[in-house]
Amino acid sequence: MLEIDGLHAGYGEIEVLRGVDLVVNAGEIVALIGANGAGKSTLAKTLAGLLPTRLGRISFEGKPIEQVGAPQRIALGMAHVPEGRQIVGGLSVRDNLRLGAYAQRHRLAQREIAQRISAVCQQFPALDHRLGEPAGNLSGGQQQMLAIARAMMAQPRLLVLDEPSLGLAPTLVAGIFRMIVGLRNRGIAILLSEQNARMSLAIADRAYVMEMGRITLQGTGKELLDSSDVAGRYLGVGQKIAASATDERRMRLARGLKEILHG
Ligand code: ATP
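Thresholds, definitions, all that
Residues numbered from 1 in each chain as written. Predicted model: local features only at pLDDT ≥ 70, side-chain atom pairs only at ≥ 80, totals over all residues. Heavy atoms only, no water. Salt bridge = Lys/Arg side-chain N within 4 Å of Asp/Glu carboxyl O. Helix = DSSP H or I, 4+ residues; strand = E, 2+ residues; numbered from the N terminus. Buried < 20%, exposed > 50% of the residue type's maximum accessible area, 1.4 Å probe, protein only. Lys, Arg positive; Asp, Glu negative; His and termini not counted. Polar contact = N/O pair within 3.5 Å; in protein donor to acceptor, adjacent residues only side chain to side chain. Contact = heavy atoms within 4.5 Å. Near = heavy atom within 4 Å. Areas by Shrake-Rupley, 256 points an atom, 1.4 Å probe, with all protein chains shown as cover. Nonpolar A, V, L, I, M, F, W, Y, C, P; charged D, E, K, R; others polar. Pairing = 2+ DSSP bridges. Axes fitted to C-alpha atoms, helices over the stretch in contact; angles between N-to-C directions.

For the rest of this paragraph, the subject is the pattern of salt bridges. Opposite charge on two side chains permits pairing when their charged atoms draw close. Counting across every chain of the model gives seven salt bridges. Two residues, Arg57 and Asp5, come together in a salt bridge whose shortest N-O distance is 3.3 Å. Taken as a pair, Arg57 in strand S4 (residues 55-60) and Asp5 in strand S1 (residues 2-11) lie far apart in primary sequence, 52 residues in all. Looking at Asp5, the relative accessible area reads 28%, which means it is partly exposed. With a shortest N-O distance of 2.9 Å, Asp205 and Arg184 are connected by a salt bridge. Residue Asp205 is found in the loop between helix H8 (197-203) and strand S9 (206-211), and its partner Arg184 is found in helix H7 (residues 170-185); the two are separated by 21 residues along the sequence. In this structure Arg184 comes out as buried when scored by relative accessible area, which is 18%.

Now the structure itself:
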């Protein structure tokens with residue numbers, strides 16, 4: 001579905017991505033893990049068309065898209081949920097959702113946009129009774145849900161999720177990961193960039209490790225979860241949470257993970 005070959009991208013003089021190769025097949029969750037500054041968000045922004053491709057190829061469903069603009073990429077079926085959610089707090093939840101269909105506004109009647117809002121509210125029921133409220137009133141977890149729901153308004157076949165668990169309380173994190181598994185189970189392919197390596201590897205079909213703008217390791221989620229290299233360098237986040245958590249919180253986390261894995 002998505003094939004990235006030798007991708008280079010960056011900011012001004014700074015070359016951040018230095019030859020990234022990565023594939024996402026239909027119906028897969030592919031996790032991208034890596035330390036702060038490895039280049040995960042830069043890859044997400046380049047895929048979304050917010051940063052230019054300097055060198056290399058990106059193809060989506062067999063078509064090259066390096067020269068395709070950001071709105072057209074959404075219209076083709078690729079949506080991006082940016083790091084930090086980028087919700088417009090002063091706009092209503094409904095209007096934030098409408099923004100998700102903006103790239104397709106010329107071919108969608110108001111009635112179809114309203115139908116899409118109803119459909120995403122069925123998937124994200126917590127948003128349904130908040131549609132008229134300013135999005136800024138929502139909690140962090142609900143705003144993340146809104147950011148994903150906004151992307152779903154474009155009815156994508158591939159979602160690029162950038163750090164969806166960032167800044168959320170551990171109890172909400174399990175809910176977000178459960179939601180991501182739910183989206184995959186409905187047939188949406190997902191590229192999931194995360195610092196929470198433990199949880200993302202647990203739900204991923206396949207995964208890549210990024211270091212200094214390059215892919216240095218890849219395998220199934222389970223292979224990387226079991227790898228001592230990955231454990232030493234990237235599973236510390238979960239360990240820190242576990243070490244500092246109360247027993248009750250630890251149990252809730254473990255329960256969340258079990259639910260995600262076994263439904
Ligand atoms: P994080 O989890 O901290 O977001 P990341 O893996 O997503 O990490 P990026 O945000 O892609 O990393 O950053 C990669 C490098 O690019 C870092 O050195 C960062 O300082 C730099 N960078 C990011 N955004 C910009 C920008 N707008 N201008 C210049 N440099 C940037």
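Position of Arg85 among the secondary structure elements: in the loop between strand S6 (78-81) and helix H3 (93-100). Buried charge Arg85 goes without a salt bridge, the closest partner of opposite sign being Glu194 at 8.3 Å. Of the polar contacts made by the side chain of Arg85, one reaches the side chain of Gln144; its length is 2.7 Å. At 3.1 Å, the side chain of Arg85 forms a polar contact with the backbone oxygen of Leu166. With sequence-adjacent residues up to four places away left out, Arg85 is seen in contact with Gly140, Gln143, Gln144, Ala147, Arg150, Pro164, Leu166, Gly167 and Leu168.

This next bit is on the environment of Ala147. Tracing the backbone shows Ala147 in helix H6 (residues 140-152). Put simply, Ala147 and Pro82 are 65 residues apart on the chain and 8.1 Å apart in space, counted from C-alpha to C-alpha. When near neighbours in sequence (up to four residues on either side) are disregarded, Ala147 contacts Val81, Arg85 and Ile87.

Inspection of the region around the ligand gives 14 residues, with Gly37, Lys40, Ser41, Thr42 and Gln195 positioned closest. In this structure, Gly37 approaches the ligand through a main-chain N or O atom, which is 2.7 Å from an oxygen atom. Here Lys40 contributes a backbone N or O atom positioned 2.9 Å from an oxygen atom of the ligand. Coverage of the ligand by the protein amounts to 63% of the 630 Å² it exposes when considered alone. Those elements giving two or more residues to the shell around the ligand turn out to be strand S2 (14-24) and helix H1 (40-48). Here the element with the most residues in the shell around the ligand is H1; it accounts for three residues. Here the residues of the shell around the ligand are counted per class, giving five nonpolar, six polar and three charged.

Two modes of strand pairing occur in sheets, parallel and antiparallel, and in both the strands are linked by backbone hydrogen bonds. Spatially, S2-S1-S4-S5 is the arrangement adopted by the four strands of the open sheet, whose pairing is antiparallel. Only two strands of the sheet have a single neighbouring strand rather than two, namely S2 and strand S5 (63-64). Relative to S5, S4 runs antiparallel, the two sharing two bridges. Each residue of the ladder has a partner; that of Phe60, found in S5, is Lys63.

Here we come to the sheet that holds S6. Here we have six strands laid out as an open sheet, ordered S6-S7-S8-S3-S9-S10, and mixed in their pairing. Each of the sheet's edge strands pairs with one partner strand only, and the pair in question is S6 and strand S10 (214-220). Strand-to-strand twist of the sheet, defined as the mean angle between neighbouring strand axes without regard to direction, takes the value 15°. As judged from the four bridges shared by strand S3 (residues 29-33) and S9, these two strands associate in the parallel manner. From the neighbouring strand, Val30 faces S9, where its bridge partner is Arg206. Where H7 meets the sheet, its contacts fall on S3, strand S7 (158-162) and strand S8 (189-194), and the angle it forms with S8 comes to roughly 155°.

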